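Given next are the chains, with one letter for each unit.
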Amino acid sequence: MGDSPDMMTVSSLNTKIGSLLEATFMHVMVEGEIAQVTYHRSGHVYFSIKDDKSTLRCVMWRSNAARLKFRLEPGEHIVIEGSISVYVPRGDYQLIATHIEPYGRGTLAVAFDQLKKELERLGYFDPARKKPLPPFPQKIALVTAAGGAALQDMLKVAQKRWPLVEIVVIDVLVQGETAAGQIARAITYADTLGADIIVTGRGGGSLEDLWAFNERAVAEAIHAARTPVVSAVGHEVDTLISDFVADLRAPTPSAAMEMILPDRQELMQTLDDLNDRMGELQRQRLRRDREALEQLRARFVQASPLNRLRQIGERFGDMSDAYKRTIRHRLERFGESLERIREEYPPTMARLLQRKQGELDILTQRLAMLDPAKRTREGFAEIVRDGKRTGLSALNEGDRIMLSDGKCTVEAETVSVCKG
């Protein structure tokens, strides 16, 4: 039996293998597809990558995972920077990831797409929840860097367009690792100030410079605000998560102020135009009212009492003339009849008087015959009972009667009667 190698324990062998691997693979870059991933509550991320022939276990410790811009998802093709580490008790090795990027795509691009899809699914971009902006805001809160050029541009535009507006500036960092948290807290604070609009933004820069406005914290603060929020970040070509969540997206900070503030020059021109239109409308109305008044005046004159009296007077005059003509005509027509009547009147009246005198004589004779004084002779009397004239045959014993001969009256009572 030849020379044999030195005898080693399992532990010592694993330790040597570990030392060899860790020394040989202190910095490696590996690309592959994520097979499975676990986000541990400690903050560590445990996952594995694979290709068509093999699998490699990986871990990213909490300190590095906190800086990861996107979320690891199964099926994602990634590139990992790190080193090999051996776990001696089990003889296992794994890749300790220090930096991860999507394969063929930028890390920020992947993080942007992931957050955009998630927030869209949650309804953060729903047009129905976007709040309308008031046409004449009285108070605006600006969440931006106090020393930035974007703020000065916004203030200049505000002073030019609508100097009546009150501006409240809330100074924040607009880039860097702590910027997103500051911006989110500033939006929440601005929502308590009673402002009509909140504008958050900054000037242009690289995607990394603008990244704070792609963070979830900023999106959630905008979504939770009761005050309408305008996102005014970067240039027109830049599109960020804050643009999708905000109630209004402005291409630049200056454009934001132009969009939300009325232009006093245009407003004054509009007022002048309205004043001219109102004046013309008033003149047209006055012309129509004047014409209507003239018509009413003419109708009033036509229907006035004096005019009616004049018309009645004219009609009365016409009727008087007609009456006079009628009278003259009738007088002319009856003239001859009047002469004839005048000639016939005396003899006619004489005959009439003679006839009437005869009738009067007859009535006089009848009246004389009815006179009680002439109707009774000596020894004869008229019998009256109960105020009525009666005969002897109608009397009863005990009747109270009056006897009258036209000259005197005697009251008597019947003692006996003759029924015959």
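Bear in mind that the values here come from a model prediction, so they are computed numbers and not experimental data.

A.B. asks: What's the story with the overall build of the protein in this structure? I'm lost.
C.D. replies: Within the protein, the regular secondary structure consists of 12 helices and 14 strands. Taking 420 residues into account, the globule formula puts the C-alpha radius of gyration at 22 Å, and the protein, at 66 Å, lies well above it. In terms of principal-axis extent, the alpha carbons of the protein reach across some 220 × 75 × 40 Å. Residue burial in the protein is summarised as follows: out of 420 residues, 29% are buried. Taking the contacts inside the protein whose residues are at least 6 apart along the sequence as the reference set, 59% of them involve residues at least 24 apart. Approximately 28500 Å² of the protein is accessible, and the part contributed by carbon and sulfur atoms is 55%. Separation of charge centres in the protein, based on 58 positive and 59 negative side chains, amounts to 12 Å.

A.B. asks: Which parts of the structure should I look at to understand the sheet that holds strand β8 (residues 197-202)?
C.D. replies: In any sheet, the strands associate via hydrogen bonds between backbone groups, in a parallel or an antiparallel arrangement. Spatial ordering of the open sheet is given by β7-β6-β8-β9-β10, a layout of five strands whose pairing is parallel. The open sheet has two edge strands with one neighbour each: β7 (166-171) and β10 (248-249). By the bridge criterion, four bridges tie strand β6 (residues 139-144) to β8 in an arrangement that is parallel. In the sheet register, A141 faces β8, and the bridge partner there is I198. Across the sheet, helix α5 (residues 179-190) is in contact with β6, β7 and β8; its angle to β6 comes to roughly 170 degrees.

A.B. asks: Is there a simple way to explain the packing of aromatic side chains in this structure?
C.D. replies: Here the distance between the centres and the angle between the planes together describe a pair of aromatic rings. In the structure shown here, the tally under the stated rule is two aromatic pairs. Taken together, a centroid distance of 5.3 Å and an interplanar angle of 35 degrees make the contact between F125 and F244 tilted. Linking F125 in the loop between α3 (107-121) and β6 with F244 in helix α8 (residues 241-245), this pair joins segments that are 119 residues apart in sequence. Residue F125 is classed as buried on the basis of its relative accessible area of 12%. Residue classification places F244 among the partly exposed positions, given a relative accessible area of 25%. Geometrically, the ring pair formed by F136 and W162 is tilted, given 5.8 Å between the ring centres and 45 degrees between the ring planes. Taken together, the residues span a long stretch of sequence, with F136 in the loop between α3 and β6 and W162 in the loop between α4 (149-161) and β7 at a distance of 26 residues. Relative accessible area serves as the criterion here: at 13%, W162 is assigned to the buried category. For R71, the ring lying beneath its charged end belongs to Y39, and the centroid distance is 4.1 Å.

A.B. asks: Any chance you could explain the side chain of K139 here in plain terms?
C.D. replies: Positionally, K139 belongs in strand β6. Polar contacts involving the side chain of K139 include one to the main-chain carbonyl oxygen of L193, which spans 2.8 Å. Those residues in contact with K139, other than ones at most four positions away along the chain, are V165, E166, V168, L193, G194, A195, D196 and I197.

A.B. asks: How do you make sense of a nonpolar patch on the surface when you look at a structure like this?
C.D. replies: Taken together, the side chains of M8, L13 and I17 present a nonpolar region at the surface, about 240 Å² in accessible area. The topology assignment puts I17 in helix α1 (residues 10-24). What makes I17 partly exposed here is its relative accessible area of 37%.

A.B. asks: Looking at this structure, I do not really get the nonpolar core. What am I missing?
C.D. replies: Among the nonpolar cores identified, the biggest contains 56 residues, and F47, I80, I100 and V143 are the most heavily contacted of them. When sequence neighbours within four positions are dropped, the list of residues in contact with I80 reads V28, M29, V30, F47, I49, C58, L95, A97, H99 and I100. The next biggest cluster of nonpolar side chains, apart from the first, holds 17 residues, and it includes I140, M154, A158 and V165.

A.B. asks: It is not clear to me how the environment of P135 should be interpreted in this structure. Could you clarify?
C.D. replies: Secondary-structure assignment places P135 in the loop between α3 and β6. Remark: the alpha-carbon pair of P135 and D196, spanning 61 residues in sequence, is separated by 10.0 Å. The residues touching P135, leaving out its near neighbours within four places in the chain, are I260 and P262.

A.B. asks: Teacher, can you tell me more about the confidence of the model for the protein here?
C.D. replies: In low-pLDDT regions, the fine details of the predicted coordinates are not to be read closely. Scored by pLDDT, the protein comes out at a mean of 86, with 94% of its residues at no less than 70. By mean pLDDT, the top-scoring element of the protein is β6 (97), and the lowest-scoring one is helix α12 (residues 372-375) (58).

A.B. asks: It is not clear to me how the packing of α5 against helix α7 (residues 216-224) should be interpreted in this structure. Could you clarify?
C.D. replies: Two numbers describe a pair of packed helices, the interaxial angle and the distance between the axes. In the contact formed by α5 and α7, the axes pass within 8 Å of each other and the chain directions differ by 10 degrees. When the axis of α5 is compared with that of α7, the two are roughly parallel. Residue-level inspection shows A180, I183, A184, I187 and T188 of α5 in contact with α7, the latter providing A217, V218, A221 and I222. Considering only residue class, the contact of α5 with α7 consists of eight nonpolar, one polar and no charged.

A.B. asks: In this structure, what is going on with the pairing of strand β13 (residues 400-404)? I would like to understand it.
C.D. replies: Along any regular strand, the residues point their side chains to alternate faces of the sheet. Where strand β11 (residues 382-385) meets β13, four bridges bridge the pair, whose relative direction is antiparallel. Among the inter-strand pairings, I383 is bridged to a residue of β13, identified as L403. Sheet topology places β13 next to strand β14 (residues 409-413); five bridges connect them, and they run antiparallel. Counterpart to R400 in the pairing with β14 is E413.

A.B. asks: For this particular structure, what's the right way to read α3?
C.D. replies: In an α-helix, one full turn covers 3.6 residues, which means residues spaced three or four apart are oriented alike. With 15 residues, α3 should cover 21 Å at 1.5 Å per step; its first-to-last C-alpha distance of 21 Å lies within 8% of that length. What α3 keeps buried is the set T107, L108, V110, A111, F112, L115 and L119. The secondary structure elements touched by the buried residues of α3 are β5 (92-102), α6 (207-210), α7 and α8. Looking at the residues trailing α3, positive phi occurs at G123, about 90 degrees.

The rules behind each value
- Position numbers for residues count from 1 along each chain, tracking the sequence in the order it is written.
- Whole-chain, interface and lining totals are the exception, using all residues; otherwise, since this is a predicted model, local features are given only for residues with pLDDT of at least 70 and side-chain atom pairs are given and counted only at 80 or more.
- The side-chain values count all of the structure's non-hydrogen atoms but skip hydrogen atoms and water molecules.
- Secondary structure elements follow DSSP: runs of H or I no shorter than four residues count as helices, runs of E no shorter than two count as strands, and numbering proceeds from the N terminus.
- It is over C-alpha atoms that the radius of gyration is taken, and the globule rule equals 2.2 Å times the number of residues to the power 0.38.
- Exposure classes here rest on a 1.4 Å probe applied to the protein chains alone. A residue is buried below 20% of its type maximum, exposed above 50%, and partly exposed in between.
- Every residue pair with non-hydrogen atoms within 4.5 Å of one another is taken to be in contact.
- The Shrake-Rupley method, run with a 1.4 Å probe, gives the accessible areas here. Residue values count only the displayed protein chains as cover.
- In this tally Asp and Glu are treated as negative and Lys and Arg as positive; neither His nor the chain ends contributes.
- Each charge is placed at NZ for Lys, CZ for Arg, CG for Asp and CD for Glu.
- In this description, strands pair whenever DSSP reports at least two bridges between them.
- For helices, the axis comes from a line fit to the C-alpha atoms of the stretch in contact; other axes are also lines fit to C-alpha atoms, and the angle between any two N-to-C directions lies between 0 and 180 degrees.
- A pair of aromatic rings is counted whenever rings of Phe, Tyr or Trp (Trp by its six-membered ring) have centres within 6.5 Å, and the orientation is called stacked for planes under 30 degrees apart, edge-to-face for over 60 and tilted otherwise.
- Charges are assigned to positions over rings by a cutoff of 6 Å between ring centre and Lys NZ or Arg CZ, combined with an angular limit of 35 degrees from the ring normal.
- Here a polar contact is taken to be a pair of N or O atoms separated by no more than 3.5 Å, where protein atoms must pair a possible hydrogen donor with a possible acceptor and residues adjacent in sequence count only if both atoms sit in side chains.
- Within this analysis, patches are made of residues with over 30% relative accessible area and no salt bridge. Like charges are joined at 9 Å or less; nonpolar side chains (Val, Leu, Ile, Met, Phe, Trp, Tyr) at 5 Å or less.
- We define a salt bridge as a side-chain nitrogen of Lys or Arg found within 4 Å of a carboxyl oxygen belonging to Asp or Glu.
- Residue types Ala, Val, Leu, Ile, Met, Phe, Trp, Tyr and Cys, when buried and joined through side-chain atoms within 4.5 Å, form a set referred to as a nonpolar core.
- For every residue, the predictor states its confidence as a pLDDT score lying anywhere from 0 to 100.
- What sets the label is the angle itself: under 35 degrees gives roughly parallel, over 145 gives roughly antiparallel, 65 to 115 gives roughly perpendicular, and the rest give oblique.
- Each residue is assigned to one class: nonpolar for Ala, Val, Leu, Ile, Met, Phe, Trp, Tyr, Cys and Pro, charged for Asp, Glu, Lys and Arg, and polar for all the others, Gly among them.
- The span one expects for a helix is its residue count, reduced by one, times 1.5 Å.

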